[in-house]
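Chain residues, written in single-letter form:
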Amino acid sequence: MASVDGVYVGPLSLEDVPALLDDVRAGRPVLPEKQLARKQVADPHANTQEWVGGDRSPAEHGGT
């Protein structure tokens, strides 16, 4: 697993490193298919909005 600018990706293998570095250098989203925020979870309501990275205010994720 790795965190790149607050975006968690994983699980990773050594074979993923070149693509990860290419994405970072090119300014692209890092390994979108391995971003944890995009993976399905058991809670059907957990992934109901598109993740754009960065910080979210507490109100955006159910807090105050």
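How each quantity is defined
Residues numbered from 1 in each chain as written. Predicted model: local features only at pLDDT ≥ 70, side-chain atom pairs only at ≥ 80, totals over all residues. Heavy atoms only, no water. Helix = DSSP H or I, 4+ residues; strand = E, 2+ residues; numbered from the N terminus. Buried < 20%, exposed > 50% of the residue type's maximum accessible area, 1.4 Å probe, protein only. Contact = heavy atoms within 4.5 Å. Salt bridge = Lys/Arg side-chain N within 4 Å of Asp/Glu carboxyl O.

Examined against the element boundaries, Leu20 turns out to sit in helix α1 (residues 17-26). Among the residues examined, Leu20 registers a relative accessible area of 14% and is labelled buried. In the structure, Leu20 is positioned 16 residues away from Val4 in sequence and 9.3 Å away in space, judged by C-alpha atoms. Dropping the residues within four chain positions of it, Leu20 is found in contact with Val9, Leu12, Val30 and Leu31.

Tallying each qualifying case throughout the model produces two salt bridges. The shortest N-O distance in the salt bridge between Lys34 and Asp16 comes to 2.9 Å. A residue pair is termed long-range when its members are at least 10 positions apart, and Lys34 in the segment after α1 and Asp16 in the loop between β2 (7-9) and α1 qualify at 18 residues. Judged by relative accessible area, which is 22%, Lys34 ranks as partly exposed. Look at Asp16 and you get buried, because its relative accessible area is 15%. Where Arg28 meets Asp23, a salt bridge forms, and the shortest distance between an N and an O atom there is 3.0 Å.

Purely geometric numbers; function is a separate question.
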